Amino acid sequence: MPADYTPATIADVRRLRDTLDQQGKKLVFTNGCFDLLHAGHVRYLEQARALGDAMVVALNSDASVRALKGPDRPLNSQNDRAEVMAALRAVDAVVIFDDARATALIEAIRPHVYAKGGDYTVESLNREERSALEAAGSQISILPLVPGRSTTSTINKMLATDCTLASNANARLRLAVLGSGAGSNLRAIISAIQAGTLNAEIAIALSDQSESSFLQIAREAGLSALFVDGGANPRKFSDAAQKEIFEHLERARVDVVVLIGFMRILKDPVISAYAGRIVNVHPSLLPKHKGANAPQLAIDAGDSETGCTVHLVTAEIDAGRILAQAAVPVNAGDTAEKLHARIKTEEHKLLPKVLNEWRELGLPVRGAGQP
Ligand code: GAR
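Residues numbered from 1 in each chain as written. Predicted model: local features only at pLDDT ≥ 70, side-chain atom pairs only at ≥ 80, totals over all residues. Heavy atoms only, no water.

A. Layout of the site of the ligand. Taken together, the neighbourhood of the ligand is formed by 14 residues, with Gly183, Ser184, His340, Lys344 and Glu347 sitting nearest. Relative to its unbound accessible surface of 450 Å², the ligand loses 91% to contact with the protein. Every element with two or more residues in the shell around the ligand is listed here: helix H9 (184-195), strand E10 (278-282) and helix H14 (336-356). In terms of residues, the shell around the ligand owes the most to one element, H14, which gives 3 residues. The residue inventory of the shell around the ligand, partitioned by class, reads 4 nonpolar, 8 polar and 2 charged. (Near = heavy atom within 4 Å. Areas by Shrake-Rupley, 256 points an atom, 1.4 Å probe, with all protein chains shown as cover. Helix = DSSP H or I, 4+ residues; strand = E, 2+ residues; numbered from the N terminus. Nonpolar A, V, L, I, M, F, W, Y, C, P; charged D, E, K, R; others polar.)

See the structure below:
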């Protein structure tokens, strides 16, 4: 019986780097989860290795894969992933690292070349990793992804046999919930599921606010709850974050994406891939008072009545098909806070009701022809 594989240490890799350096040769460094190795990975690693004379692959530890990709991953343990990776002809050494980012490793190893796969650009690399690479004088090479090969598509093909579930009219709706704030609508959805008045399950909760009550409520309910860093500008949601959200939704195999007080604007790839399957709740009777501060806008306009709207999300803000509305009176002396609280009471009933009637409304779920 061969001995268990032992990954390299940072000191081993640093020695390898120094030896190569003395010989005028180059060490290539790349990193990732490499959970379910496929031909796309192998081709990528061959291309990366060709950029130098030896290559080290830094594998995310099991804990860091869970933090990045959710509680169902990795499929293969770090030692198994390291052993398979080390068997490839392109790979000279494998190290395991525990942080979500490879910054500390880059600083310790100071690779001559850093290779990254895919739709990244030098600009969209993580800021810290990029500065560490610049400080180490590493050449940064972005290599194209091999089309049609990805871990997610492999997993989805394996799960395609599950299509009876997807086509079953009584199947529970798999939801992703996205929020930035207080999370009262999330609480209402959880309560409706527990009470049996909403036939659904929450596959994943995502927030752009790491300290939000929304995330706290999701975690307390035992949901898979993840923070997605949208970048410093609260009005913008970076391309990398848009892509990250898309990947989380794909992995969670959701039927419907529910926006509840999610204050960033979703764009492609999510908007196109989930067309007809993204729903938002808004605190006004749309098309009146689109955008932020809708309760205040109703007061300022002197409206005697406002309310809430559940509608489909399109690229145009608050303009998709209206699915349901509920009216709320504007009382004399109302502040935006008081009015918003009364609107939310209606939202808490309306949103779970629409979700429970999703299929009866003829709305699409994940299935044939959908991602
Ligand atoms: C809800 O009132 C929702 O309608 C609003 O944010 C609140 C979130 O509350 N959304 C918007 O204004 C979107 N334009 P919650 O975090 O307590 O569920």
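B. Inspection of helix H3 (residues 62-69) at higher detail. Buried residues of H3: Asp62, Ser64 and Val65, and no others. Along the long axis of H3, the arc covered by the buried residues comes to 160°, so they all point the same way. On its buried face, H3 sits against strand E2 (54-60), helix H4 (78-86) and strand E3 (93-97). Gly70 sits one or two positions beyond H3 and adopts a positive phi of about 105°. (Buried < 20%, exposed > 50% of the residue type's maximum accessible area, 1.4 Å probe, protein only. Arc of directions from axis to C-beta. Contact = heavy atoms within 4.5 Å.)

C. Fine view of the sheet that holds strand E1 (residues 27-32). With respect to topology, 5 strands assemble into an open sheet ordered E3-E2-E1-E4-E5, the strand pairing being parallel. At either margin of the open sheet sits one strand with a lone partner, and together these are E3 and strand E5 (139-143). For this sheet, the mean angle separating the axes of adjacent strands, direction not counted, is 25°. Judged from the 5 bridges that link them, E2 and E3 form a sheet pairing that is parallel. Within E3, the position partnered with Val56 by the bridge is Ala93. (Pairing = 2+ DSSP bridges. Axes fitted to C-alpha atoms, helices over the stretch in contact; angles between N-to-C directions.)

D. Local environment of the pattern of salt bridges. According to the stated counting rule, one finds 17 salt bridges in the structure shown. Residue Arg17 pairs with Asp18 through a salt bridge whose shortest N-O separation is 3.3 Å. For Lys243, the salt bridge identified is with Glu247, shortest N-O distance 3.2 Å. You can see Lys243 and its partner Glu247 sitting in helix H11 (residues 239-252), 4 residues apart, about one turn around the helix. Residue class for Lys243 comes out partly exposed when judged on its relative accessible area of 23%. (Salt bridge = Lys/Arg side-chain N within 4 Å of Asp/Glu carboxyl O.)

E. Local environment of the packing of H9 against helix H10 (residues 213-220). It is at 9 Å that the axes of H9 and H10 come closest, and there the two elements cross at 20°. Classified by the interaxial angle, the pair formed by H9 and H10 is roughly parallel. Crossing of H9 against H10: the hand is right-handed. Residue-level inspection shows Leu186, Arg187 and Ile190 of H9 in contact with H10, the latter providing Phe214, Ile217 and Ala218. Class assignment of the residues belonging to the contact of H9 with H10 gives a composition of 5 nonpolar, no polar and 1 charged. (Parallel < 35°, antiparallel > 145°, perpendicular 65-115°, else oblique. Left-handed = near helix turned anticlockwise from the far one by under 90°.)

F. Representation of the sheet that holds strand E8 (residues 225-227) within the structure. Strand order in the open sheet formed by 7 strands is E8-E7-E6-E9-E10-E11-E12, and the pairing between neighbours is mixed. Of all strands in the sheet, those bounded by a partner on one side alone are E8 and strand E12 (322-329). Between one strand axis and the next, the sheet turns by 20° as a mean value, whatever way the strands run.

Take it as geometry only, folks, not as evidence of what the structure does.
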